[in-house]
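Take a look at the letters that make up each chain.
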Amino acid sequence: MNTTAQPATAIPGDGKPLAARAGRGPRRIARVLPLVGVPHLDRLFDYEVPAEMDDDAQAGVRVRIRFNGRLVDGFIIERRTSSDHSGKLRPLERVISPIRLLPEHMWRLVNQLAERAAGTRADVLRAAIPPRHASAEKAGLFAAGKAWEDLYSPLEPVAELRAQARSDAEAALSKYHFGPRFLAALLDEDATPRMSLLTAPGDDDARLAAVLAAATAWAGKTALVIAPNQRLVDRVSEALAAWTSSEQVLQMTAAESSHVRYRRFLSIVLGQARIVVGTRNAVFAPLKDLGLVIVLGEGDDMLVDPRAPYLHAREVAKTRSQSESAALAIIGHHRTAEVQQWVAAGALASIRPTPETLRAQLPWIRGLGDTERQLEAESHAPGSRLPALAFATIRETLDADRTVLVQVPRRGYAPALACARCRTPARCRNCNGPLELPQAKEQSAPTCRWCGHLHPTFTCTNCGNHALRMSVVGHDRTAEELGRAFPGVPVTTSGGEQVKTFVPPGRRIVVATPGAEPILRAPDAPPEQPNGHYGAAIILDPWAPLTRADLRAEENALRQWMGAAALVSPREDGGRVIVAGDYRLGVIQQLIRWNPDASAAAELASRAEAQFPPVVVVAVVDGIPASLAELEEAWELPESAELLGPVELPAGVRLPAGLSSGHADEARRLIIRVPHADALSLGSALKSAVAVRSSQRHSAPLRVVMDPVRIG
């Protein structure tokens, strides 16, 4: 380790402002955070600032330093006139860029998140600030640095644009209890309203987010919209075209090149941008005068960063809203137990459609059967796996020249296979993963979903039989069945790697996996035109999401079903939703009654009874027995901590880094549970223990995740 660069005695940013005190004394000192990602080196080190770098080497800029014998990047956090180290300091190697990429409010956020998530600040900064691209800095700001208002047509008066955006936002929120009050607090008052908005069936979440962002931007503040995928980001950006120009909206996603992404980041940090729409890491966009943060699809797992410290964009958005005094809007047809807890605690207001709006826009929804015998009969309608009621609904909708949506929970052709005789699930001989039939071809061999190993021949480990059957049917196979059942009707599929954003309305069947349902829109329709609605929706195989070994199985199933039902016409226009499951099931009743806040409250109550998140804070530690023992020796947990396990790593969970699939049987999971009052103490204890273990150079596989999406 570099002995001339000494750690600071206190870490600025932990409740202290990030300072930029230029060193004009006899020694010019910069306190630097090295971007090394090593837990025990997650601290500040003092470096001398050469005279020629004095003007550029200010707080928040990226520099190159010599650290532990090699050159690494780092950020200057503070300038000082003295150092706590009495020996000779190494000088900065160079200032990579004089632009202050790390504003003070962002540094505070990084500290809060790293402490809460038991991670390193270097890992948080990796997600927050894109790598430098020199040509992007040379290119400069967009449109020669014009102000945001000037990026719109100069022929349109700003006052009229502001009034139009506000008027449209008022109209959009007028159908919701307290919706106009939220908008008034956002635009007129010195307040920071925060809400969970449960949108009505038929309303477009993307368009609602767009009009709120536009109204905020034209009022002089900045707006940030976070979505779980590129498809939804594009829809929000397209909807914004009704109130802004394309140059006034910045997308921040993984789809952009490094040059484009860095140039857009510079536009944000230098104050040119006012509206940013992006995926999970865009939640860190350092907008100035942040007025509103919007999160769409907050229950989607794509909002969780798969890299350490595994931050959820929803949690980052809430932390930013509080630390920067910004408004927060979580928008969607469904609400998770986490958001319901915030509502119950008074941190968010619950805004939902008025009864009149709900009655006018809700489709007719029903499940199947009054008795088990009727359910069994309907579930095996002759000629297809469609229940008789669903078959009749599709035929009537097609006869009316309308589009039918069929939601299937699994992608592919036959994503799960079993022995045809004893129904034992078919597993891979190589890694014990599940076998699937990836495509409808005679020569297609069963393939392992985990390792891709082909199995031209199969022998059941239970009965020795060689024949297979489909235990789960995917969307491709479903489309094939529907094509045979309704000859001459176009069948469109959307799912897997081929997700369609739009399909034209008309007489057709659309088979889609959850979250991949296309929007009905004519190819030549202008962006401001409302989207079309399906005539009917059929939800097949509802047992599949409900039988997952997952704490969130029912919650996710209801979210997926509501997403499909929300695309269907109101019942007065003939819109129907058929769920191919027993109507007496509680989760299907929640869909029929369309009361998402009550279902979220019930889910939260059941979690409280079982002492599961979000009622308590949970840390999951994955590793092997040796690494778990090493961590246990180093930690000092709060007295309230309760240990569960260790047990075998749940099936389907990604192995910790450094553990090969050949040693997967060694993986173990330990769960640590504490009350919310001790959340920060637990995060701090685990972060310290990981740092101690790192300093002792232990290398056995280990992963620490605070409040993971999936526990087991």
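Residues numbered from 1 in each chain as written. Predicted model: local features only at pLDDT ≥ 70, side-chain atom pairs only at ≥ 80, totals over all residues. Heavy atoms only, no water.

Naming follows an unreviewed UniProt entry, where the protein appears as Probable replication restart protein PriA of Corynebacterium urealyticum. According to the UniProt record, the Sequence similarities (unreviewed entry) comment for the protein reads "Belongs to the helicase family. PriA subfamily." Listed in UniProt under the heading Subunit (unreviewed entry), the comment for the protein reads: "Component of the replication restart primosome." (UniProt positions renumbered as here; feature names shortened; annotations may be inferred.)

A. How the structure looks around the overall build of the protein. The secondary structure content of the protein amounts to 20 helices and 28 strands. Relative to the compact-globule value of 27 Å for 712 residues, the protein shows a C-alpha radius of gyration of 28 Å, a close match. Taken over 712 residues, the protein has a buried fraction of 54%. By sequence separation, contacts in the protein at least 24 residues apart represent 73% of the contacts at least 6 residues apart. Accessible area of the protein: about 30,100 Å², with a carbon and sulfur share of 50%. On the protein, the mean spot of the 83 positive side-chain charges and the mean spot of the 79 negative ones are 4 Å from each other. (Helix = DSSP H or I, 4+ residues; strand = E, 2+ residues; numbered from the N terminus. Rg over C-alpha atoms; globule rule 2.2 N^0.38 Å. Buried < 20%, exposed > 50% of the residue type's maximum accessible area, 1.4 Å probe, protein only. Contact = heavy atoms within 4.5 Å. Areas by Shrake-Rupley, 256 points an atom, 1.4 Å probe, with all protein chains shown as cover. Lys, Arg positive; Asp, Glu negative; His and termini not counted. Charge placed at Lys NZ, Arg CZ, Asp CG, Glu CD.)

B. Region of the structure containing the state of the cysteines. In the structure shown here, the tally under the stated rule is 0 disulfides. Cysteine C422 shares no disulfide, and the gap to the nearest cysteine sulfur, in C460, comes to 3.5 Å. According to the relative accessible area criterion, C422 is partly exposed, its value standing at 27%. (Disulfide = S-S within 2.5 Å.)

C. A look at the domain arrangement of the protein. Parsing the protein into structural domains produces domain 1 (27-102), domain 2 (140-357), domain 3 (362-413 + 471-592) and domain 4 (614-704). When each unit is reduced to the centre of its C-alpha atoms, the spacing between domain 1 and domain 4 is 32 Å. Taken together, the contact between domain 1 and domain 4 spans 4 residues of the former and 5 residues of the latter. When the two sides are added together, the surface that domain 1 and domain 4 hide from each other amounts to roughly 330 Å², 65% of it contributed by carbon and sulfur. Among the residues domain 1 hides against domain 4, the three largest losses belong to P39, H40 and D42. Together they make up 97% of the total. Summed over the shared surface of domain 1 and domain 4, the number is 1 salt bridge. When the shortest N-O distance is used, the salt bridge between D42 and K687 registers 3.1 Å. Between the two partners, domain 1 and domain 4, sit 3 residue pairs in polar contact (both at pLDDT 80 or more). Here the residues of the side of domain 1 that touches domain 4 sort into 2 nonpolar, 1 polar and 1 charged. (Domains from an automatic or database assignment. Buried area = accessible area lost by both parts, 1.4 Å probe. Salt bridge = Lys/Arg side-chain N within 4 Å of Asp/Glu carboxyl O. Polar contact = N/O pair within 3.5 Å; in protein donor to acceptor, adjacent residues only side chain to side chain. Nonpolar A, V, L, I, M, F, W, Y, C, P; charged D, E, K, R; others polar.)

D. A look at the pairing of strand β4 (residues 70-80). Two strands pair when backbone bridges link them, and strand β1 (residues 29-34) and β4 are joined in this way by 6 bridges, in the antiparallel orientation. Bridge pairing in β4 places P34 opposite G74. With 6 bridges joining them, strand β3 (residues 62-67) and β4 adopt antiparallel strand pairing. Residue pairing in the sheet places I65 in a bridge with V72 of β4. Between the end of β3 and the start of β4, which pair antiparallel, lie 2 residues, with N68 showing a positive phi angle near 55°. (Pairing = 2+ DSSP bridges.)

E. Highlighting empty space enclosed by the protein. Summed over all chains, the structure comprises 3 cavities of 30 Å³ or more. Roughly 70 Å³ of volume is contained in the largest cavity. Lining the largest cavity are 14 residues, with N281, F284, D305, L311 and V316 positioned closest to its centre. Broken down by class, the residue content of the lining of the largest cavity amounts to 9 nonpolar, 2 polar and 3 charged. (1 Å grid on protein atoms, 1.4 Å probe; cavity = no way out; pocket = protein on both sides within 12 Å on 5 of 7 lines; lining within 4 Å. Points joined across faces, edges and corners; volume = space filled by probe spheres on them.)

F. Structural view of the environment of P363. Tracing the chain through its elements places P363 in the loop between α11 (355-361) and β13 (364-368). Look at P363 and you get buried, because its relative accessible area is 1%. Taking the C-alpha atoms as reference points, P363 and P438, 75 residues apart in sequence, are found 35 Å from one another. For P363, the residues in contact, after removing those within four places along its chain, are P201, A565, V568, S569, P570, R571, G575 and V577.

G. How the structure looks around the sheet that holds strand β5 (residues 94-97). Pairing is antiparallel in the open sheet, where 5 strands are placed in the order β2-β1-β4-β3-β5. Each of the sheet's edge strands pairs with one partner strand only, and the pair in question is β2 (45-48) and β5. Averaged over all pairs of adjacent strands, the angle between strand axes in this sheet comes to 50°, irrespective of strand direction. (Axes fitted to C-alpha atoms, helices over the stretch in contact; angles between N-to-C directions.)

H. Representation of the UniProt feature "domain: Primosomal protein N' 3' DNA-binding" (unreviewed entry) in the protein in the model. Taken from the UniProt record, the annotation "domain: Primosomal protein N' 3' DNA-binding" (unreviewed entry) applies to residues 36-130. A distance of 15 Å separates the end C-alpha atoms of residues 36-130, which is 22% helix and 26% strand.

I. Geometry of helix α7 (residues 230-240). Summarising burial for α7: 8 of the 11 residues are buried, a large majority. Those residues of α7 lying buried are R231, L232, V233, R235, V236, S237, A239 and L240. Its side-chain oxygen 3.3 Å from the backbone nitrogen of R231, N229 forms the N-cap of α7.

J. The nonpolar core, seen in detail. Judged by nonpolar contacts, the single largest core of 51 residues is most densely connected at L101, L102, I129, L224, I268, V276 and F284. Here this core gathers at least three residues from each of two domains, domain 1 (27-102) and domain 2 (140-357). Those residues in contact with L224, other than ones at most four positions away along the chain, are V276, A282, V283, A285, L287, L290, L292, V293, I294 and R320. (Core = buried A, V, L, I, M, F, W, Y, C linked by side-chain atoms within 4.5 Å.)

K. Here's a closer look at the packing of aromatic side chains. On inspection of all chains with the given rule, the structure shows 4 aromatic pairs. Aromatic pair F45 and F67: ring centres 4.9 Å apart, planes at 80°, arrangement edge-to-face. Of this pair, F45 sits in strand β2 while F67 sits in strand β3, and the two are 22 residues apart along the sequence. This pair shows no difference in class: F45 is buried, exactly as F67 is. (Phe/Tyr/Trp six-rings, centres within 6.5 Å; stacked < 30°, edge-to-face > 60°.)

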